[in-house]
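Geometric and topological summary
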Amino acid sequence: YQQDDDGATKNSIVKEDPEHKVVTDCATAVWKLEAEKTRAHRFLVDNYNIRLPELALLVPSDAVIYAKLVKLINNNVDDLSEIIESIDELIPSQISSIIIAVCSTTQGVPLSPDRLDAVGEACELIMLLEKLKQVCLEYIQLRMPLIAPNVCAFLGAALTSQIFTMCESLEKLTQMDQTELIELGAQRRDQSGIKVHTSGFLSNCDLVLIHPPEIRAKALRLIAPQVLSLARIDDNRRAADDSAGVKAREEVRMKMIRWTDPLLQRGAANNTYERLSKAARDKRTQQAKEQKEHNEIMRNFQKRDR
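**Re the nonpolar core**
Core analysis: the biggest nonpolar cluster contains 46 residues, and F154, L155, I163, L173, L181, L202 and I223 have the highest contact counts within it. Here the element with the most residues in this core is helix 12 (residues 216-236); it accounts for 10 residues. Other than its neighbours up to four places away in sequence, L173 contacts I163, C167, L181, L228 and A231. Of all hydrophobic cores here, the second largest spans 28 residues; its members include A40, L80, I87 and I99.

Here's what the structure looks like:
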């Protein structure tokens, strides 16, 4: 993962690099694996509902946890004494207590050997698909700083890899507008196939989460154009490193500081207020400049060490 075919360390992955196609193929594979996992989960629920229909209601959204519970409980709902600790490791104790209670009162009937085998195979398939999906996601996250260095410097590699996986390529991300990026990931489906509206992936950015809920929408509107601009820089390879992303993040951070600066009383006579004084603003600007110079020095040292 870290070297070219000739053994040299990679500094970037351009579109012409064969590994770029591998990364985009992994992003496509994540969706195919997730779709297959959803189908396997539906099959498992339909078959295991014959034995314990209450379980699907108590664990409705996580296919992997559901599969692990089914594999533990199996056909033996009458005696869970030996697996209580294993169940507690998978789910909160409150839910595990309810599961233990419903197992003693369920109206389900034991599964036939053939159906029980099919249920076991579905459990194994779900866990295998999840493992393969995580391998793809880890690989994408590992390579993101080489494909989109400036977006990674601005958002972080984990969040950038999520957005990249949703778009399946950096080029498709650059074609989005601000609203589409904010809504990216907001419309999802749970394991039962029902659409669920939630916050988009960009809402998980640390520059958004540090603010109270009432100004997070304002933060998203400030961040989204920056992400799209940096994505275009990375897609067209107009920057040799992540300096544009580091600079954009610092500029956005300084703007956000002004949102939450305390209002200072200017004079009791006219009861007017102002933001931080010019001296305080100049001090913060100087501190930011010094921090930027420090970061530049550290990057130069790292490049020299490589």
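**So, the packing of helix 12 against helix 13 (residues 243-260)**
Between helix 12 and helix 13, the least distance of the axes is 11 Å, while the angle of their chain directions is 170°. In terms of orientation, helix 12 lies roughly antiparallel with respect to helix 13. Listed contacts from helix 13 to K218, A219, L222, I223, Q226, L230 and I233 of helix 12 are A244, G245, A248, V252, K255, M256 and W259. Across the contact of helix 12 with helix 13, the residue classes break down as 10 nonpolar, 2 polar and 2 charged.

**Concerning the pattern of salt bridges**
Scanning the entire structure with this criterion turns up 12 salt bridges. One salt bridge in this structure joins E19 and R143, with 2.9 Å as the shortest N-O distance. Here the residue E19 occupies a position in helix 1 (residues 18-48), and R143 occupies one in helix 6 (residues 113-147), the gap between them amounting to 124 residues. By the burial criterion, E19 is buried, and R143 matches it. E34 serves as the salt-bridge partner of K37, at 3.5 Å between the closest nitrogen and oxygen. Pair noted here: K37 and E34 are both in helix 1, with a separation of 3 residues, about one helical turn. A relative accessible area of 5% means that K37 is categorised as buried. Residues joined by salt bridges that share partners form a network here, namely E34, K37, E130 and K133.

Reading the values: the criteria
Residues numbered from 1 in each chain as written. Predicted model: local features only at pLDDT ≥ 70, side-chain atom pairs only at ≥ 80, totals over all residues. Heavy atoms only, no water. Core = buried A, V, L, I, M, F, W, Y, C linked by side-chain atoms within 4.5 Å. Buried < 20%, exposed > 50% of the residue type's maximum accessible area, 1.4 Å probe, protein only. Helix = DSSP H or I, 4+ residues; strand = E, 2+ residues; numbered from the N terminus. Contact = heavy atoms within 4.5 Å. Axes fitted to C-alpha atoms, helices over the stretch in contact; angles between N-to-C directions. Parallel < 35°, antiparallel > 145°, perpendicular 65-115°, else oblique. Nonpolar A, V, L, I, M, F, W, Y, C, P; charged D, E, K, R; others polar. Salt bridge = Lys/Arg side-chain N within 4 Å of Asp/Glu carboxyl O.

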